[in-house]
Amino acid sequence: MDHWTQFEKDTEKETRNLITCISGIQDEEDQNFQMALKFAWSNFRFHRYLDVDSHKVQRSISGIYEKLMVHSDTSKAESWRSLTEDFLNSPLPNTDETNTDAHHSVLSLLLLLSNSPLKSDYSERPRVKEAEKQDDFDWAKYLMEGVDIDRGPFPDTPEWSEEESEEEASQQPLSRDDSGIQVDRTPQEDQENSTKTVPVSWTVGEPDARAWLEQHVVTPYWAGHAPRFPHSLHLHANLLNVWDQHLYNTEPLYLPEEKAFVTETQVIRETLWLLSGVKKNFIFQHQDGIVTVRTDVVVTHLTSNCLRSVLEHVAVYGQAVFRLQGFIDEVTGHTCEPGPPCSSHSSRKGSDPPFRTYQAFVWALYKYFASFKEELTTIEKDLIGKDETVTLSAVLERLSPHLAQIKVLHRVFCTGVAEVPQATPNVVRASHLLNTLYKAILEYDSVGEASEQAVALLFSLWTETVRPYLEIVDEWIVHGHLFDPAKEFIIQRNKDVPVNHRDFWYATYTLYSVSEAVESEERLSDAASGSSGGCAAGEQGGGGGRQLTMVSFLKPVLKQIIMAGKSMQLLKNLDCKEAERPEGFSRDAERKSLYALFLESVQSRLRRREDTPTDTVTEQQATKRSLIKMQSIVAQHMQMDDVHDPLLAINFARLYLEQSDFHERFCGGEVIVDRSSESMTCQTFELTLRSCLYPHIDKRYIECCGNLMRTLKKDYRLLEYLQAMRDYFLLEAGDTMYDFYTAIFDKVQEKENWQQPSFLNVQLQEAVGQRRPEDSSRLSIFLETVDPARKKQPVHNLDALTLSYKVPWPVDIVISSECQKIYNHVFLLLLQIKWAKYSLDTLRFSDLTVATKRAEGGVPQEVKAKEPINQQIHRMFLLRVKLMHFVNSLHNYIMTRILHSTGLEFQHQVQEAKDLDQLIKIHYRYLSTIHDRCLLREKVSFVKEAIMKVLNLVLIFSDRWHAGFGAWEIESIDKMESDFKNCHMFLVTILNKAVCRGSFPHLESLALSLMAGFEQC
């Protein structure tokens, strides 16, 4: 609105009043009001209605007058005629003329809005015009009191008369505010052409006033028939006439066209006005966002084609300036005044205010254009001063660096802002803008010294634009609050999950991964193994070769930012000393923000580079020597692949010199080259981020995550809860859990009902309460339904058991319900093995002998004749030993080789964990390891089924041992021996193959143990 005319501003005001009057909406910020305002402006500017027909309006006025006379309403008829005639003969607020289309348009609108004017009662009221009060106070004397007035270089200049009449002023109106442009004339013609200047009526006391004004007023070259200005008659000053005469003589059909003559000074000034953002010019015309050059404008010393080619080149940059200035006006229209992007949390007015990244980008553009306009003002002052010759070519040469920078800015604007659809979410628009700036810096930086100014401009633009992102990161990792009201940051808070929820670490924040094509957006939540896993899943999720990317400069430290932010928010909600201000932290008022630290690091880096110019020479020499040696190294490696290209070897050598470990990798550390971050390479910008931004984020990440880990281990007993899970679920607390599960096994052997929750919980509380009373309230056990088909096998009767351990917040972030499910799978397997082992260990030889004698009376004679009883008992003894060897081998493998050794590794990794996410991954990896090594994976389910079949055979064998020979058929021994031998042989074969392939090295001890028992069978 800064460039609107008074008419446009008045129209805007009246349009708002019209909408308020018709719709009744008082709040101008309301969405419906804004939609109505856009609709009204659209109809005002782009309507397709015909212009008003003044004759038709006059006929309507006459018709109403005649009807009133027919109805004998003479007073109303005379009032109607007089009022309409007075209105048509009166000037409007924005027009001094009478009987215009605007007058008839207003009357036409009133006629269309009228409802039966003949039937309305009307009596004309007398109108008294109030005389305007004249201010007799001498403001000039009051304001200039005590001020020495500088008369300037022309002290004899007559005073401007304030008593000039309106009639005199209207005789020669000045249609432009272009005062100050001097008439271009040669000294020889000043006196003889003084009488040919523009006639201006001027009445003042001094006799020389008219002559002075005629010499200093601007010739209205923009008028329709402006007088020709005087100029030199030298041949070089009349090239246009010479060229026209040549065309007239050589081309018979040449017809001279009417031209508007301007001076080069006027062309220069309009060029400066165009580049400063002025849209209303004479030479340059702006229409629908396109700047064109008038074809009839010429200068006397250049041909029209030459002038047009130069001005069209300027018009391209003027159009770029208009687009950038329009974007600045669009964004700053929501703010009070231009200023640096505010980091406060106050809400902005407007239905859809621009987000902070765009505001920061506009602020950077505004600062650049402020300095650019200062340069334009300096050139215009030099032009007015006439101390030296100023030509159009000299001005364009002086402005060439700025024009090149405007071209760069316009390219970034088109790619990063203009090409993005308006309906695109803010996170996509902000990410795309920052990525565009980032890639533009890398692109221009790779050129080298030829684009140093472009790199400097883009880097300053990037540092301003990235400020809101760094402020959001700083607020999050320092105070634990992710403030992003416009949703422009790539990480957004899910407010449905509170901090004290067990899923806080996984589902609280959402990472947005943005496509380069800016056509789609994919939302990726943090995976169960941590947020970094969510990022990896997002990058692999792009289909069809379209890679999903995010803000490029944050990629190397994105995990650290997420970890530090979530850790700080968790610390702020923990009731502990670490959540308060740690001793090592300075007070928040004295603390420097992340953005300030980044700028200080950049300044110190640049200052360090400027302070050591001699080091650059020595570094260049070292670089040259390293390049020669690196070229030979790369050439040798290329020759191994039958590639002989010395130029390619040189380029590879330059590329790999950026890596400090390249020499160690290829030369074994013989060559050591100091490639500091100050070296001018194509990686300079990335190295700047690596040395100036990333260390501050890493430092904060270490502090936040370290405090959280110490708090969880010290105040919330994280390590103790992890040990408790291993004690109860993995049966490492052998004495405690032995009392619990032996009571169940005894009930089973006695054929009593043990599947009662009350009995199970009482046994568990008694076993735990004796040795660890603090855990008795946390442990519980309950029964789940089991598939009836699985109940046919005795070993699966334990599948209904589910052990539960109540883990308090925030420890349940690490020990989640999913983790307890894995713990329960291992717990059930161990319980089944313990049951089989207990069943075999409790068998007594005397029990079988007594049971056999007791059942001898019922044994048929045919059975006794087949095989003696003693031989049958001996076979039972041998089968028991074989089963005990199998079960003990399996038990020792799981309890020692798997649980114990893996547990030691887990304890060591937990002590070295740097952040909570790493600890969650370590714990999850530990559970996955023991789950896989206990043969519980679906992939090796056939191995588990064979083991379960043996364990089920053990339980059947135990029941028959207690029942004696008379209770079952003798063929059962043969079947049990055959089943065990088949399962044993199958497991030995499968395990040996797996060990030989090397895919399961941990199974080697189990395979060797089972093989030893199999050879003895």
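For the structure itself, look to the data block above.
This text gives an overview of the structure that appears in the document. (Residues numbered from 1 in each chain as written. Predicted model: local features only at pLDDT ≥ 70, side-chain atom pairs only at ≥ 80, totals over all residues. Heavy atoms only, no water.)

Side note on the overall build of the protein chain
Along the backbone of the protein chain there are 36 helices and 10 strands. Each of the 1017 residues in the protein chain was classed as buried or not, and the buried ones make up 41%. Once local pairs closer than 6 in sequence are excluded, the contacts in the protein chain between residues at least 24 apart make up 71%. (Helix = DSSP H or I, 4+ residues; strand = E, 2+ residues; numbered from the N terminus. Buried < 20%, exposed > 50% of the residue type's maximum accessible area, 1.4 Å probe, protein only. Contact = heavy atoms within 4.5 Å.)

Considerations on the layout of surface pockets
Of the pockets and cavities examined, the second largest pocket occupies roughly 1,900 Å³. Lining the second largest pocket are 37 residues; nearest its centre among them are F44, A102, S105, V106 and L109. Sorting elements by how many residues they give to the lining of the second largest pocket places helix α1 (residues 6-23) first, with 10 residues. The residue inventory of the lining of the second largest pocket, partitioned by class, reads 21 nonpolar, 10 polar and six charged. (1 Å grid on protein atoms, 1.4 Å probe; cavity = no way out; pocket = protein on both sides within 12 Å on 5 of 7 lines; lining within 4 Å. Points joined across faces, edges and corners; volume = space filled by probe spheres on them. Nonpolar A, V, L, I, M, F, W, Y, C, P; charged D, E, K, R; others polar.)

Regarding unusual backbone geometry
Residues W809 and P810 are joined by a peptide bond in cis, for which omega reads 10 degrees. When you line up the elements, P810 lands in the loop between β10 (801-805) and α29 (817-841). Even without being a glycine, K487 presents a positive backbone phi close to 55 degrees. One can find K487 in the loop between α16 (467-479) and β5 (491-493). Residue K487 is classed as exposed on the basis of its relative accessible area of 54%. Located in the positive-phi region is K751, a residue other than glycine, with phi close to 60 degrees. With respect to the helices, strands and loops of the structure, K751 is situated in the loop between α27 (734-749) and α28 (757-771).

Let's talk about the packing of aromatic side chains
Evaluation of the coordinates by the stated rule reveals 22 aromatic pairs. Judged by centre distance (6.0 Å) and plane angle (75 degrees), the rings of W462 and F598 are edge-to-face. Of this pair, W462 sits in helix α15 (residues 452-465) while F598 sits in helix α20 (residues 594-611); the two residues are 136 residues apart in sequence, bridging distant segments of the chain. Given the relative accessible area of 0%, F598 is considered buried. Across from the ring centre of Y65, 3.9 Å away, lies the NZ or CZ of R81, which sits over that ring. Across from the ring centre of Y721, 5.2 Å away, lies the NZ or CZ of R717, which sits over that ring. (Phe/Tyr/Trp six-rings, centres within 6.5 Å; stacked < 30°, edge-to-face > 60°. Lys NZ or Arg CZ within 6 Å of the ring centre and 35° of its normal.)

With respect to the nonpolar core
Within the largest apolar cluster, 218 residues are counted, with the highest numbers of intra-cluster contacts made by W462, Y469, I491, F553 and L916. Apart from the residues lying within four places of it in its own chain, the contact partners of Y469 are T357, A430, S431, L434, E488, F489, I490, V551, F553 and L554. (Core = buried A, V, L, I, M, F, W, Y, C linked by side-chain atoms within 4.5 Å.)

A closer look at the pairing of β10
In terms of residue burial, β10 counts as a mostly covered element, since five of its five residues are buried. On β10, burial covers both faces: L801, L803 and Y805 on one face and T802 and S804 on the other are all buried. In this sheet, β10 lies alongside strand β9 (residues 779-783) in antiparallel orientation, the contact comprising five bridges. Looking at the pairing, I781 lines up with L803 of β10. (Pairing = 2+ DSSP bridges.)

A few points about the pattern of salt bridges
Applying the stated criterion to the full structure yields 23 salt bridges. Among the ionic pairs, D915 bridges to K559, the shortest N-O distance being 3.4 Å. Of the two residues, D915 sits in the loop between α32 (869-912) and α33 (916-933) while K559 sits in helix α19 (residues 558-572), which places them 356 residues apart along the sequence. Given a relative accessible area of 0%, D915 falls into the buried group. D932 is the partner of R937 in a salt bridge, and the nearest nitrogen-oxygen pair spans 4.0 Å. For R937, a relative accessible area of 30% puts it in the partly exposed group. When salt bridges with common partners are traced through the structure, they connect E12, R16 and E28 into a single cluster. (Salt bridge = Lys/Arg side-chain N within 4 Å of Asp/Glu carboxyl O.)

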